[in-house]
Amino acid sequence: MQPTDTANPAYFHKVVDCQWACPAHTPVPEYIRLIGQGRYSDAYMVNWVSNVFPGILGRTCDRPCEPACRRARVEQSNGEHPEPVAICRLKRVAADMKDDVSRRMPKPAPRNGKRIACVGAGPASLTVARDLAPLGYEVTVFDGEAKAGGFIRTQIPRFRLPESVIDEETGYILDLGVAFRSGQRIESMRALLAQGFDAVFVGCGAPRGRDLDLPGRREAAPNIHIGIDWLASVSFGHVTGIGRRVVVLGGGNTAMDCCRSARRLGGAEVKVIVRSGFDEMKASPWEKEDAQHEGIPIINFHVPKSFEHSNGRLTGMKFDVVRAVYDERGRRSLVPTGEPEVLVECDDVLIAVGQENAFPWIERDSGIEFDQWGLPTLDAATFQSTLPNVFFGGDAAFGPKNIITAVAHGHEAAVSIDRLLHGEDIRRRPDPTTNLMSTKMGIHEWSYDNDTSNDPRFKVPWAKAEMALASIRVEVELGFDAATAFKEANRCLNCDVETVFTAPACIECDACVDVCPMDCISFTVDGDEPDLRKRLKAPALNLGQDLYVSGMLKTGRVMVKDEDVCLHCGLCAERCPTGAWDMQKFLLQPTQAGPKCRDARKDTRTLGVVA
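Rules used throughout
- Residues numbered from 1 in each chain as written.
- Predicted model: local features only at pLDDT ≥ 70, side-chain atom pairs only at ≥ 80, totals over all residues.
- Heavy atoms only, no water.
- Pairing = 2+ DSSP bridges.
- Helix = DSSP H or I, 4+ residues; strand = E, 2+ residues; numbered from the N terminus.
- Axes fitted to C-alpha atoms, helices over the stretch in contact; angles between N-to-C directions.
- Buried < 20%, exposed > 50% of the residue type's maximum accessible area, 1.4 Å probe, protein only.
- Contact = heavy atoms within 4.5 Å.
- Core = buried A, V, L, I, M, F, W, Y, C linked by side-chain atoms within 4.5 Å.
- 1 Å grid on protein atoms, 1.4 Å probe; cavity = no way out; pocket = protein on both sides within 12 Å on 5 of 7 lines; lining within 4 Å.
- Points joined across faces, edges and corners; volume = space filled by probe spheres on them.
- Nonpolar A, V, L, I, M, F, W, Y, C, P; charged D, E, K, R; others polar.

**Student:** Even after reading the chapter, I still don't get the sheet that holds strand 19 (residues 521-524), so can you show me in this structure?
**Tutor:** Sheet strands line up and pair through hydrogen bonds in the backbone, either parallel or antiparallel. Taken in spatial order, the three strands make up an open sheet running 19-21-20, and their pairing is antiparallel. Edge positions in the sheet fall to strand 19 and strand 20 (547-549), since each has one partner strand and no second. Averaged over all neighbouring strand pairs, the angle between strand axes comes to 25 degrees, with direction disregarded. Sheet analysis places strand 19 next to strand 21 (residues 558-562), joined by four bridges and oriented antiparallel. Residue pairing across strands places Phe523 opposite Met559, the latter belonging to strand 21.

The following block contains the structure:
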């Protein structure tokens, strides 16, 4: 194998599994260390730069970072039950325990003469506004609702996300000098472009919930509700009750919000019924667990067949019972089991089987092309549409995802807009800023806590059930207190403090091999990667993580380190007699809109833009 190019920003970034998995590449270990030190405001601001909504995401994020967490892999390799660090809930700690951070926010810059329109006030649009407003752009955000937040405000129940948190974090953005045009729903792209905006960002979400055209749908319509519309009505107080027996159709997070909301609005018998198997549901595992914790059964492998009704009133639903069958290519199909159809009696049905994009306000001759699924034709890296000054992001770009993905889209679109309006090629994406800094403070001392905690994951306390289920506005999760947050933060393995090897200093004494508690390090003859992975002290079976391979050593061998289950404990560096090993903190900051994202050789003054 060729020696590892550790100068490539992607190499050590990939070793920080949680940051690599986060769409916005939030530096997770960095802010967890700050929380462990009680520096909550600093931790909040580290989050804010990347994910924009720490308090919101600390309660509602889909947590792609946690399945990637190295802690779970390490515990699994030791035969323990894998439990990742509670990254998401620690994010909430930073938000809940911070001081007043308003003075640490960017200040509005003098106007640079360029005007940006953002359609929709959801997370993608607000991220674009947050990135561009401090640079002097005049950003106007249009939304049909009275307050900013988009689907964050309308679709996430208050028992999961208090409105005060939404108000606070959208307020930080609007206070940057962003013009918010509430109650102004855009009805025509052509009319919007005629207002002379230099660029338009469309972040209006996927506003249409899918329906089910089954027998009885029209006749029983008054008691059959589209999930996302129903949640919005609940959020705004238009709906305050529901029938005693409720069926929720769908297996995603929206279905989980629907069933838990129905439980609080009078649904004594609430059931979730899904076509797929329980493990195949799209809902996050913890969302399913929360629903079941509240006594809501999830019935799988039932395909809806009809809505039953009597005298115009819904009485129940019929289902076919199916099972999953897989062909030789692993493709699944649902086939009837032959069991009798099942009748589930109910008073109301909530349909949460997916969402669709709807752009009736964008004229089809506007220059913006759409694909066969009704999605805009976009450059996947720049989010630019076929009309060069119009960009899309969030659910409006590639269909429904989640908040953190929408934030990532917003950052990338802001870079594209900034480069476009400076006359630069938006397909050239700037490299991130990275550095490596030694944490050595002595022979056996480090500037980070390298004592690996053996604690299992700490549970977040809940409000008492009688209180939580009595009101839709009582927040269920109470969050960690300071003492528990400190202990949970200590479970982090500091994956951003990297083991850095200097081959010329190595005397091949193998002391590092002897001391390594995870058998990560081997000295062996070189070879092809598949062969080399099998010949290490502990076979490196996780192909998703790279091998760290040194250049040729004096004996003709190479040092090979399996990055997969390393504890970043620093014992190799402590034991090394020559300092060939060092523990160096790696910090990656993705380039956002602003001077750093532009070509240094260009003189932006020639474009009539104040940099």
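Next comes the rest of the description.
**Student:** Is there a simple way to think about the side chain of Asp564 in this case?
**Tutor:** Assignment of secondary structure puts Asp564 in the loop between strand 21 and helix 22 (571-575). Residue Asp564 is classed as buried on the basis of its relative accessible area, which comes to 10%. Filtering out sequence-adjacent residues up to four positions away, Asp564 remains in contact with Arg70, Arg73, Asn542 and Gln545.

**Student:** Just checking my understanding: could you explain the pairing of strand 22 (residues 581-589) for this structure?
**Tutor:** Put simply, side chains in a regular strand alternate between the two faces of the sheet. A large share of strand 22 lies buried, amounting to seven of its nine residues. Pairing of strand 17 (residues 433-438) with strand 22, which is carried by six bridges, proceeds in the antiparallel orientation. Of the residues in strand 22, the one forming a bridge with Ser438 is Gln584. As paired elements, strand 18 (residues 497-501) and strand 22 share five bridges and run antiparallel to each other. Directly across from Val497, in strand 22, lies its bridge partner Lys585.

**Student:** It is not clear to me how the environment of Cys259 should be interpreted in this structure. Could you clarify?
**Tutor:** As for its position among the elements, Cys259 is in helix 14 (residues 253-264). Along the backbone, Cys259 and Lys271 are 12 residues apart, and their C-alpha atoms lie at a distance of 7.3 Å. In this view, Cys259 contacts Val248, Val270, Val272, Ala291 and Ile296; residues no more than four positions away in its chain are not counted.

**Student:** It is not clear to me how the nonpolar core should be interpreted in this structure. Could you clarify?
**Tutor:** Nonpolar side chains in soluble globular proteins generally cluster together in the buried interior. Leu132, Val139 and Phe392 are the most contacted members of the largest nonpolar core, which totals 65 residues. Here this core gets seven residues from one element, more than from any other, and that element is helix 17 (residues 403-420). Ignoring anything within four residues of it in the chain, the contact list for Leu132 reads Ile116, Tyr137, Val139, Ala414, Ile417, Asp418 and Ala593. Listed in part, the 64 residues of the second largest apolar core include Met45, Tyr448, Met518 and Leu553.

**Student:** Is there a simple way to think about the layout of surface pockets in this case?
**Tutor:** In this model, the second largest pocket occupies a volume close to 1,000 Å³. Lining the second largest pocket are 39 residues, and of these Val49, Gln589, Pro590, Thr591 and Gln592 sit closest to its centre. For the lining of the second largest pocket, the secondary structure elements donating two or more residues are helix 1 (9-15), helix 4 (40-51), helix 9 (123-132), helix 17 and strand 22. Per element, the largest residue contribution to the lining of the second largest pocket is five residues, and it comes from helix 4. Residues that form the lining of the second largest pocket fall into these classes: 24 nonpolar, nine polar and six charged.

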